[in-house]
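Here is how the chains run, residue by residue.
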Amino acid sequence: MQNNKTLNYADGILQAFTYLLENHKEVFVFGQGLWSPWYVGSTMKDLDKKFGVERVIDSPVSEVAVTGAAIGASVCGYRPIVVHPRVDFMILAIDQIVSQAAKWSSMFGGQVHPAVTIRGIVNRGGEQGAQHSQALHAWFAHVPGLRVVMPATARDARDLLIASVLCDDPVLYIDDRWLYEWEEEDPGIQLLNLSEVGPHVLKNGNDITIVAASFSTKLAMDAAKTLEEEGISVEVVDLRVINPIHWDVILESVQKTGRLLAVDGGWQSCGLAGEIIAGVMEHVPLAVMKASPKRLTLTNAPAPTSKVLEEIYYTQPSQIISAVKEMIGSKVHV
Amino acid sequence: MQNNKTLNYADGILQAFTYLLENHKEVFVFGQGLWSPWYVGSTMKDLDKKFGVERVIDSPVSEVAVTGAAIGASVCGYRPIVVHPRVDFMILAIDQIVSQAAKWSSMFGGQVHPAVTIRGIVNRGGEQGAQHSQALHAWFAHVPGLRVVMPATARDARDLLIASVLCDDPVLYIDDRWLYEWEEEDPGIQLLNLSEVGPHVLKNGNDITIVAASFSTKLAMDAAKTLEEEGISVEVVDLRVINPIHWDVILESVQKTGRLLAVDGGWQSCGLAGEIIAGVMEHVPLAVMKASPKRLTLTNAPAPTSKVLEEIYYTQPSQIISAVKEMIGSKVHV
Amino acid sequence: MTTHLIESLGNLSDPLCYQEPINIVGENKEILLNELRIMWVIRKAEEKIAEQIISGAIKCPCHLGIGQEAAAVGVSAYLTPNDKVFGAHRSHSHFLALGGTLDSLFAEVLGKVTGCSKGMGGSMHLFDPSIGFHGSVPIVGGSVPIATGAGLAAKLSKKGEVAVSYFGDGAIEEGAVQESLNLASVMKLPVIFVCENNLFSSHLHIELRQPANTTARFAQANLIEHAVIDGNDVVTVRKTAQRAIEHARAGKGPFFIEAVTYRWRGHVGPSEDTDVGVKRGAELSVWRKRDPLSRLALALIQSNMLTEKTHTDIQEEVDSQIKEAWQNALNAPYPELSAILETVYAK
Amino acid sequence: MTTHLIESLGNLSDPLCYQEPINIVGENKEILLNELRIMWVIRKAEEKIAEQIISGAIKCPCHLGIGQEAAAVGVSAYLTPNDKVFGAHRSHSHFLALGGTLDSLFAEVLGKVTGCSKGMGGSMHLFDPSIGFHGSVPIVGGSVPIATGAGLAAKLSKKGEVAVSYFGDGAIEEGAVQESLNLASVMKLPVIFVCENNLFSSHLHIELRQPANTTARFAQANLIEHAVIDGNDVVTVRKTAQRAIEHARAGKGPFFIEAVTYRWRGHVGPSEDTDVGVKRGAELSVWRKRDPLSRLALALIQSNMLTEKTHTDIQEEVDSQIKEAWQNALNAPYPELSAILETVYAK
Ligand SMILES: Cc1ncc(C[n+]2csc(CCOP(=O)(O)OP(=O)(O)O)c2C)c(N)n1
Ligand SMILES: Cc1ncc(C[n+]2csc(CCOP(=O)(O)OP(=O)(O)O)c2C)c(N)n1
Ligand SMILES: [Mg+2]
Ligand SMILES: [Mg+2]
């Protein structure tokens, strides 16, 4: 697989698991659905068969105990990866993630670091409804002590999963099923130090900066392509790690373009898009801004089921395109 | 009590419980510590004795079941108030709050409304440490379907608790122990419709708008007083209800002053202060702004225990004063 | 009282047992025929849904309970619309057994506004308080604390109502369910916990998830009255439920029914999952013989309460009901787009 | 195997019973004297803390286990520093019994940088891996899944290590604990669950929170080997722990010890809570007679292994250790202010 010219997101994840289990004996995987292709698409295919059920462990329906147990194993020298097939299920274990894993280093004076990676999958659409569609990354990005990774591209899906597991801090790794088929060219595995990974410019442009993460980055790229054809030059900044955020690349880009559109697949209030706007507006001088910043986020409601409602519930590239045009077209509000 | 000239926050809460239990037979209270003055200060003193242990029910250490049971009783016509003596304990029940209570109306087509009020107390300082000091209101403000109330003043502590319980939606009511002694004049109980309650101007001013909620509002008021003496006129907007936010009063105030400082007792990233900045900067024309907006939030770390560290961990009025002076002193970044 | 810990389902988990016609001695014919008919309604409704998933008409995830019909039908017999019933992800049977209409179920599964949740829920979120069904949700174990709270409401209002909480053998692994059992027990709440133990949670057999294959252990640990029964015998379920409901209505606290059963289809969708479930491939064909419908039908025929002809008539009548309901659902409109924002808060 | 469900603690919860000197027939004198000495260290350390809370020197919330010393001392006897022990909010005894130093405990309680958690934890967050103590946390039940994971690590690394999880009768009401029991059982993890049942969770007696006053019911329901014992008898605790540890080290899975005990002080802080705890006022004075220290001391004296004089010497020696450690802690510096930000992430 390593020599393929292109890689898709799902295969990127599978490669990362394979690499980690092959090269690091202290890595094991724990969660629901691991002995059957259940919810995780092809991202973990046959890992149990390849690496044995002792290291790829399917579990009872006990999110708290399983997550806590992984944290426990991590403070004993292991590097477990917990898999929650949906972010919605992961929140049952939130106390273990936020009050335990995120705080042990601090509470014990930096003497212990739970090197656990918790994978939560955003899995929505398909009329699954309100309890099976949540994307709550903003919650976790709120919490010091956690690193929160949201890859958009296939290479990041792989390289950031590896970096997450090899990082000594507790990491929340959130992937999105809507990205599983997204492909890109692949130069092979790159070993990264997660604490040094920050946002990067996925596409250069001059007229406006779109900041996004995960599937929203893909939406932004799709919109940017269309806009480019119409002569509007969009810079897309892909966040990659949403906590802690490294601001430099974002600030530089907005300094250059003078316009900021933040796009996020989570809800608006106290969400990631608002964080980007706040962080930028605190630091980029007002006079640089050519338009008021704007955000596009999920509809402010629980996810509906009916497909006719799903269609308008989720952000479409066309909305990004309109927003950009409005921001470019409009003068600075004066 | 009703005829007192002044009222403090703790008594405000006690009056609300008393009013509700006296006047609404479908109200009952459920949670830990209710048969003993445990964690809740004087805010629930002797309610069990006055209204009976059938309606003021102490519980096992089972946050999920107790919260879920209150939701269940609420969909059967009751108006329960769940009491979590700390926000930290409440998050164990987060699935019930966020995936159940917040979503039942939507998921079932608006045919049912869990009229439950969940009281979570912010109880920190005193060397209690990382797991007993959290203020996670931003999480709940992120979630459509919940109303999130954070009273700052004694009257609001009372009147908004009553309004929360009489509101048909699930409400998270978050009070802060550091406010229990804060007093104000009391014209007596005012019955409010929670869906109409929004931010209000607690103090008029012209030079800068400080937006805050709960204990941060008190900090802002303290700072504003000092600043006033130095000739700086601060407008303090107290949020009161942080989800959904009614923006008008906030936007009007910033339109007037041209400066925004958001102060919040939660963490910064994806927090409430960032939400205020984002919402304002999206809507108040750039040209109106006389300075970049700024936020003051909790130190970006879990709460320490040692008192020497606590002193610098929590925001002090002096920091607000310096920030305001810097914003007023500085020209607009150009 | 000394209680022996139940550490195994024994014969109840052996698919070779309990295949014979059920015991209907002394039972009322009309009641039995009605139960047979409702079970057919459930079975055929779910088969229709399976067919329409394959056809592509249904998009939403459906968890079919084909093979498990007797539990819901037996449990519902002594419930009234004032009782409060809560389900989970696999709740078509719970809904229909209480009298939920085919029209509103099919419409809901299609996301139509005439659905029982106005098209906002789909298969996993059913709701009809007029029949006493107060909601099903797919977070495993999520509705069990809520049902417990309905029991608390019933206790407070002192009208003899009971709450019913349906869940599975997987759900018992959730802390939420464990906490609820203690709460209901210590507060003596009128809650009937109905654990449909179909031996599987998704692809995993209970023996890979728990140290024993019976869940009534937890009723015992919480000192809750309980019964472990053949969940595919509608008469046994009904009689047990009667006992449970009387117990709860009388203020004696909760009751736990472990109804042992098996689902014929996969965890979600129409397939049989024989390639997926650990242990499942070998067992399924044997379990099909412990069919709740044919075991009742055969018993009725052997006792001359039913002829093959009448049995066929019943099925044909149900078929045409289903056909009509499906057509109604297809013809119904989708919700207005404004429903998304309008249902978030009460007006 | 047929197991009878344990539905009551019987005499173990009756404070009038188990007041006599403990049985030390056949026991080694040095071991017993050492146990007596450690129990004195724990008792006097906590009395010192109580005194210093009253004096105002200690600000942080301290949950004292005075009266419960035997459980930790007995459990620690056969543990090695490679084993992984986890505690909760009331863990001074667990820490000291494993060999944690008075200096580092007192300094931690004062928020000093020489504390076992470098002054970042306080009384409720103790940590010293060099003695096998891997952390205590005050979210009730919070460390139980973590200890279970240490058991998983031990199982994976196949070195015969065990994990120990201390918790209380209140914690068993948390879903986290219930899920952990199942997980440890089905995965056969080498975890020793030690439930110190002191009959109270904060102000509430167990009878107001659970339908029975014993928690071993849940070990039974999860098919976990267990023992319900007098937690104030250090020899019984030690022997039971030995059995439990051998069981776990041998790969036979978890073990659950219910050690019945009573705390003499209030839920938090130095007071006695006799006005607060439902049922507590009447019981406390009787429970004081089931003192783990005097019952051991008296047994030693009666068997001529100890004289009153030696006993006084031991106590005085401990007193001076405590005095010195307290002084060291007072003299130690506070953490640097930068510690707040520097400990959030690994370097
Ligand atoms: C909290 C949570 N965890 C996991 C899931 C995924 N899931 C859906 S149904 C199911 C199986 C539940 O098994 P059981 O309770 O026995 O019900 P059955 O499917 O057998 O009817 C699982 C694990 C979920 N929906 N919610
Ligand atoms: C999740 C959570 N809920 C509630 C509390 C408050 N609390 C602290 S200690 C305690 C009592 C626990 O009782 P038990 O487990 O028996 O331990 P004991 O205090 O008796 O040693 C409670 C309820 C908490 N710290 N965490
Ligand atoms: Mg099942
Ligand atoms: Mg206790």
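Residues numbered from 1 in each chain as written. Chains lettered and ligands numbered in written order. Predicted model: local features only at pLDDT ≥ 70, side-chain atom pairs only at ≥ 80, totals over all residues. Heavy atoms only, no water.

A. Representation of the site of ligand 1. Inspection of the region around ligand 1 gives 22 residues, with E63(A), H89(C), R90(C), G170(C) and N198(C) positioned closest. In this structure, ligand 1 sits where chains A and C come together, each supplying nearby residues. Within the contact set of ligand 1, an oxygen atom lies 2.7 Å away from a side-chain nitrogen or oxygen of H89(C). At 2.8 Å from an oxygen atom of ligand 1 is found a side-chain nitrogen or oxygen belonging to D169(C). The fraction of the free accessible surface of ligand 1 (580 Å²) that becomes covered by protein chains is 97%. A breakdown of the residues in the shell around ligand 1 according to their chemical character gives nine nonpolar, nine polar and four charged. (Near = heavy atom within 4 Å. Polar contact = N/O pair within 3.5 Å; in protein donor to acceptor, adjacent residues only side chain to side chain. Areas by Shrake-Rupley, 256 points an atom, 1.4 Å probe, with all protein chains shown as cover. Nonpolar A, V, L, I, M, F, W, Y, C, P; charged D, E, K, R; others polar.)

B. Local environment of the domain arrangement of chain A. Residues and elements named next belong to chain A. Each domain of chain A was delimited in the assignment, giving domain 1 (6-189) and domain 2 (200-328). The C-alpha centroid of domain 2 is placed 26 Å from the C-alpha centroid of domain 1. Of the roughly 2300 Å² buried between domain 1 and domain 2, counting both surfaces, carbon and sulfur atoms make up 62%. Sorting the residues of domain 1 by area buried against domain 2 places E127, M150 and W182 first, and these three jointly supply 24% of that buried surface. (Domains from an automatic or database assignment. Buried area = accessible area lost by both parts, 1.4 Å probe.)

C. Quick look at the sheet that holds strand β2 (residues 27-31) of chain B. Residue and element names in this part refer to chain B. If you trace the seven strands from one edge of the open sheet to the other, you get β3-β2-β4-β5-β7-β6-β12, paired in mixed fashion. Looking at which strands have only one partner, the edges of the open sheet turn out to be β3 (56-58) and β12 (241-243). Along the sheet, successive strands turn relative to each other by an average axial angle of 20°, direction set aside. Where strand β4 (residues 79-84) meets strand β5 (residues 117-122), four bridges bridge the pair, whose relative direction is parallel. The residue of β5 that forms the bridge with H84 is G120. (Pairing = 2+ DSSP bridges. Helix = DSSP H or I, 4+ residues; strand = E, 2+ residues; numbered from the N terminus. Axes fitted to C-alpha atoms, helices over the stretch in contact; angles between N-to-C directions.)

D. Region of interest: the coordination of the magnesium ion (ligand 4). All names here are of chain D. The protein atoms that coordinate the magnesium ion (ligand 4) are D169 (OD), N198 (OD1) and F200 (O), at distances of 2.1 Å. Donor residues binding the magnesium ion (ligand 4) come from one chain and are separated in sequence as D-x28-N-x1-F. Of this pair, D169 sits in the loop between β3 (163-168) and α6 (175-186) while N198 sits in the loop between β4 (191-197) and β5 (200-201); the two residues are 29 residues apart in sequence, bridging distant segments of the chain. The residues D169 and N198 share a single accessibility class, namely buried. (Donors = N, O, S within 2.8 Å, 3.2 Å for Na, K, Ca; no water. Buried < 20%, exposed > 50% of the residue type's maximum accessible area, 1.4 Å probe, protein only.)

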